[in-house]
Amino acid sequence: MSQTNKLKIFNDPIYGFITIPNSLIYDLIQHPYFQRLRRISQMGLSYLVYPGAHHTRFHHALGAMHMMQKAVEVLRFKEVIISKEEENALYIAILLHDIGHGPFSHAMEHSIVEEVNHEQISLLFMTKLNEEFNGQLRLAIQVFKGEYHRKFMLQLISSQLDMDRMDYLKRDSFYSGVAEGNINSDRLIQMFNVMNDVLVMEEKGIYSIEKFLMARRLMYWQAYLHKTSLVAELTLTKALQRAKELLRKGIKIECSRPLKYFMEHNVTLEKFYNSDLDTFAQLDDYDIISALKEWQYHDDFILSSLSKMIINRDLSKVKLNSEKFPAEVLEEMTARFVKKHQISQQEAKYFIFRGKIKNQAYSKDAEPIRILKKDKTIEDVVEASDQLNLKALSKPVTKYYICYPKQLEEI
């Protein structure tokens, strides 16, 4: 195939045309590991709340790469020296930053692949691809791990104002229809600069940053931590945990080969690289959904009930509160449910449980967003802003929840 055939374009509903910068990036996109992301939804089960939210991690990875292309252009215009090799490393690292996500990532991490998180799996995929591509991903991996001396390169990939967040806020807001999440990414990127190899934002961009942080906070409450999305994800986690428990007791469970493999084996990071990575690459949303469709007819009351809840969107009730729900409430509901369905206290925990969620738009503990002032001094955005709301946005807000089946009357 000639070189020119690889310089294709993608039509994106948000940015218009996204160009593939070179043939190596094209070959990475074409790789089965990356193509798998077409079958993994970016927002998990959020489509049960926002019917439009069916966009994929494939889509998001390309969008983040597109943002990175714009960032490189802006920084070079401001006379920041970025070599061809560094530019390529940035594109590869942002393109592959989410490649380790499994289907319904957080539910998977809390039930099946418990020992290994998606960041570690992303790194394993990158290492494997680096071998296949004869070491061409070496610098991208160095940047991704934070081992490269030019700090701003990692900040563009992973920080409180990175290309990942910039694309997912814009994209998730577009597809879910939650307009509050929309941000002016062009304006933000135009304000980028680099001082002493650290990423800074020019002072005149401060209102855009405030809008960005506000949008992030609203997207968390309205989309990512929406109570129906929350209960759907928790129900899926419980269904997977139950299936795993039954399988390990020797009870027959129908599901795809890769899903069964991860339910039967305890997966560790060491083992993952050698034998489990290719099996993991076979997993996507379809394995989980088809398993749930099968499990809704299983003899086990718990597994079939949880599976039906998701398939038919007949989910449990969720109550949110600023205070913890008392244990007595939980105990009383559990007792009623146990009596009604003749199951054990332990089994009732699959249906009645409590927990908490936390939302913090800007973390003071993480690396700050730095503002470059007109006198060339650098200040944390919270100090530089004349808005009190940024101080409020850096305070974590915790909400407590309780979930219980609808048939239990109101608390």
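Shown above is the structure to which this text applies.
Residues numbered from 1 in each chain as written. Predicted model: local features only at pLDDT ≥ 70, side-chain atom pairs only at ≥ 80, totals over all residues. Heavy atoms only, no water.

**Q** Explain the overall build of the protein chain to me, please; I cannot follow it from the model alone.
**A** A count of helical and extended segments in the protein chain gives 20 helices and nine strands. Expected size for 411 residues packed as a compact globule is a radius of gyration near 22 Å; at 23 Å, the protein chain falls within 12% of this value. With the principal axes as the frame, the protein chain shows a C-alpha extent of 70 × 55 × 35 Å. Looking at the protein chain as a whole, 56% of its 411 residues qualify as buried. Taken as a whole, the protein chain presents about 18800 Å² of accessible surface, with 50% of it coming from carbon and sulfur. Of the side-chain charges in the protein chain, 55 are positive and 53 negative, and the distance between the mean point of each set is 3 Å. (Helix = DSSP H or I, 4+ residues; strand = E, 2+ residues; numbered from the N terminus. Rg over C-alpha atoms; globule rule 2.2 N^0.38 Å. Buried < 20%, exposed > 50% of the residue type's maximum accessible area, 1.4 Å probe, protein only. Areas by Shrake-Rupley, 256 points an atom, 1.4 Å probe, with all protein chains shown as cover. Lys, Arg positive; Asp, Glu negative; His and termini not counted. Charge placed at Lys NZ, Arg CZ, Asp CG, Glu CD.)

**Q** What is the right way to look at the sheet that holds strand 6 (residues 353-359) in this model?
**A** For sheets, the rule is that strands pair by backbone hydrogen bonds, running either parallel or antiparallel. Spatially, three strands are ordered 5-9-6 in an open sheet, and the strand pairing comes out antiparallel. Strands with a single pairing partner mark the edges of an open sheet, and in this sheet they are strand 5 (317-321) and strand 6. Taken pair by pair, the neighbouring strands of this sheet meet at an average axis angle of 25 degrees, ignoring direction. With five bridges connecting them, strand 5 and strand 9 (residues 397-404) associate as antiparallel partners. (Pairing = 2+ DSSP bridges. Axes fitted to C-alpha atoms, helices over the stretch in contact; angles between N-to-C directions.)

**Q** Explain the pairing of strand 9 to me, please; I cannot follow it from the model alone.
**A** Remark: a regular strand shows side chains that alternate across the two faces of the sheet. The pairing of strand 6 with strand 9 spans seven bridges and is antiparallel. Looking at the pairing, Arg354 lines up with Ile402 of strand 9.

**Q** Help me understand the packing of aromatic side chains, please; the structure alone is not making it clear to me.
**A** We describe a pair of aromatic rings using the distance from one ring centre to the other and the angle between the two ring planes. What the rule picks out here adds up to 13 aromatic pairs. With centroids separated by 5.0 Å and ring planes inclined at 75 degrees, the aromatic side chains of Phe174 and Tyr175 adopt a geometry described as edge-to-face. Ring centres of Phe301 and Phe351 lie 5.8 Å apart, and the angle between their planes is 40 degrees; on these two criteria the pair is classed as tilted. Taken together, the residues Phe301 in helix 16 (residues 301-311) and Phe351 in the loop between helix 18 (345-348) and strand 6 connect sequence positions 50 residues apart. Pairwise contacts between aromatic rings join Tyr33, Phe125, Tyr261, Phe262, Phe272 and Phe280 into one cluster. A cation over a ring is seen here: Lys238 above Phe353, with NZ or CZ 4.3 Å from the ring centre. In this structure, Lys399 is placed above the aromatic ring of Trp221, and the distance from its NZ or CZ to the ring centre is 4.0 Å. (Phe/Tyr/Trp six-rings, centres within 6.5 Å; stacked < 30°, edge-to-face > 60°. Lys NZ or Arg CZ within 6 Å of the ring centre and 35° of its normal.)

**Q** Can you help me understand the sheet that holds strand 4 (residues 198-202) in this one?
**A** Strand order in this open sheet of four strands is 3-4-7-8, and the pairing throughout is mixed. With one partner strand each, in any of the chains shown, strand 3 (192-195) and strand 8 (378-380) form the two edges of the open sheet. When the angles between neighbouring strand axes are averaged without regard to direction, this sheet yields 45 degrees. Pairing between strand 3 and strand 4: four bridges, direction antiparallel. Within strand 4, the residue paired with Val194 across the bridge is Leu199.

**Q** What is the right way to read the packing of helix 3 (residues 57-77) against helix 4 (residues 84-95) from this model?
**A** Pairs of packed helices are described in terms of their axes, by the angle between the two and the distance that separates them. Running from amino to carboxyl end, helix 3 crosses helix 4 at an angle of 155 degrees, the nearest separation of the two axes being 8 Å. In terms of axis orientation, helix 3 runs roughly antiparallel to helix 4. Handedness of the crossing formed by helix 3 with helix 4: right-handed. Note on element contacts: helix 4 touches helix 3 through Lys84, Glu87, Leu90, Tyr91, Ile94 and Leu95, opposite Ala61, Leu62, Ala64, Met65, Met68, Gln69, Val72 and Arg76. (Parallel < 35°, antiparallel > 145°, perpendicular 65-115°, else oblique. Left-handed = near helix turned anticlockwise from the far one by under 90°. Contact = heavy atoms within 4.5 Å.)

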